[in-house]
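Structural characterization, general
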Amino acid sequence: MIKTWKSLFREPITYKTEVPFSQEDLAEPIRLNRATLQSVDNWIDEEAFARSYFQYGVPGFLKPVINQPIGYAPTYTDVMVLLAKRYFQKINYLEIGVSVGKNFFQLLNALDNTQFSAFDIEEINPVLARRLSAGTRTEWDTPGKSIKKNKSSLSQFTYKTNTVNYISGDVWDANSWAKMEGNKFNLVFSDALHTPEAILFEFEMLVKYGLLADRFIIVWDDLVGKMQHSFFKIIRKYNKVYQIKDIYLLEINGWVGKNEGPHSVGLISNFAF
Ligand SMILES: C[S@@+](CC[C@H](N)C(=O)[O-])C[C@H]1O[C@@H](n2cnc3c(N)ncnc32)[C@H](O)[C@@H]1O
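Here goes a summary of the coordinates provided. (Residues numbered from 1 in each chain as written. Predicted model: local features only at pLDDT ≥ 70, side-chain atom pairs only at ≥ 80, totals over all residues. Heavy atoms only, no water.)

What to know about the site of the ligand
Not every one of the 21 residues close to the ligand is listed here, only the nearest: Tyr76, Glu95, Gly97, Asp120 and Asp191. At a separation of 2.8 Å, a nitrogen atom of the ligand approaches a polar side-chain atom of glutamate 95. In terms of residue class, the shell around the ligand is built from 10 nonpolar, five polar and six charged. (Near = heavy atom within 4 Å. Polar contact = N/O pair within 3.5 Å; in protein donor to acceptor, adjacent residues only side chain to side chain. Nonpolar A, V, L, I, M, F, W, Y, C, P; charged D, E, K, R; others polar.)

See the structure below:
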């Protein structure tokens, strides 16, 4: 379905509410992703949770279902895997807000020869870290006003043919974004601070540090209420520079699948699907 976002004195923006993919197109990503999830019994490391600043973004009501089977209805992860394989020869992926790593680990298993970057206020979940081969780590000071009270860091890992850069830093810390300079991300998933101000700031950082590739797809989770205003504001503000071609606002399952309602997920690309 095609819908229109209207706001006073501005050009309306049209967007679609369904991605143009069939059940058949999504069957392989769903198979791969459910197999990856089955390979991890328990995503929760209680010690890491006790040390965390944000409980890895897992609210109390979701903690009991975080390890439950998610069902076979498509999730945002399934759509991202399909998009990655269909539209890019080589992916440079950034996830802002990685949590325990459920979405991240599914993509790590679905894609080869890929550069992965993760950005979260928490240290990497030990459950995820144990599955990767560790490399170097560098640290820098976290701004005093951040809720993060230890040093920020960039830790490098490898996983099969993939490389992983994990930034433990605050989204509001421009220094942490600067550490990613030189990357040209073509698939970005924004799923950290679900506030209208934060997603605008993130986009400013992507622009400031030249972090977007010539062809890109950006996905946002939880675009409800004022978050939708920020989504359309980003599109309006940056359309001239990036020539955004496709805009979607979907209702689709998230990281715990059938164990909660669908998420409102926004997606833009600067090429047509
Ligand atoms: C909803 S979870 C991410 C779920 C994950 N993307 C998935 O699909 O599996 C949100 C994450 O954002 C992180 N986060 C919250 N505030 C942050 C901030 N200011 N800077 C960086 N990360 C933050 C939380 O620690 C949490 O891990």
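Digging into the nonpolar core
The biggest cluster of nonpolar side chains holds 57 residues, and the ones touching the most others in it are Tyr93 and Phe104. Per-element tally for this core: the top contributor is helix α3 (residues 76-87), with eight residues. Not counting residues within four places of it along the chain, the set of residues in contact with phenylalanine 104 comprises Tyr93, Glu95, Val98, Phe116, Ser117, Ala118, Leu128 and Val164. (Core = buried A, V, L, I, M, F, W, Y, C linked by side-chain atoms within 4.5 Å. Buried < 20%, exposed > 50% of the residue type's maximum accessible area, 1.4 Å probe, protein only. Helix = DSSP H or I, 4+ residues; strand = E, 2+ residues; numbered from the N terminus. Contact = heavy atoms within 4.5 Å.)

Overview of the pattern of salt bridges
Here the structure, examined in full by the defined rule, presents 10 salt bridges. Where aspartate 25 meets arginine 86, a salt bridge forms, and the shortest distance between an N and an O atom there is 3.1 Å. Highlighted residues: aspartate 25 in helix α1 (residues 23-38) and arginine 86 in helix α3, separated in sequence by 61 residues. A salt bridge links lysine 151 to aspartate 141, with the shortest nitrogen-to-oxygen separation between them at 2.7 Å. Here lysine 151, found in the loop between β5 (133-140) and β6 (152-159), pairs with aspartate 141, found in the loop between β5 and β6; they are 10 residues apart in sequence, far enough to count as distant. Assessed through its relative accessible area of 54%, aspartate 141 is described here as exposed. Overlapping salt bridges, with partners in common, bring together Glu123, Arg137, Glu139 and Lys148 in one network. (Salt bridge = Lys/Arg side-chain N within 4 Å of Asp/Glu carboxyl O.)

Read these as spatial facts, not as claims about activity.
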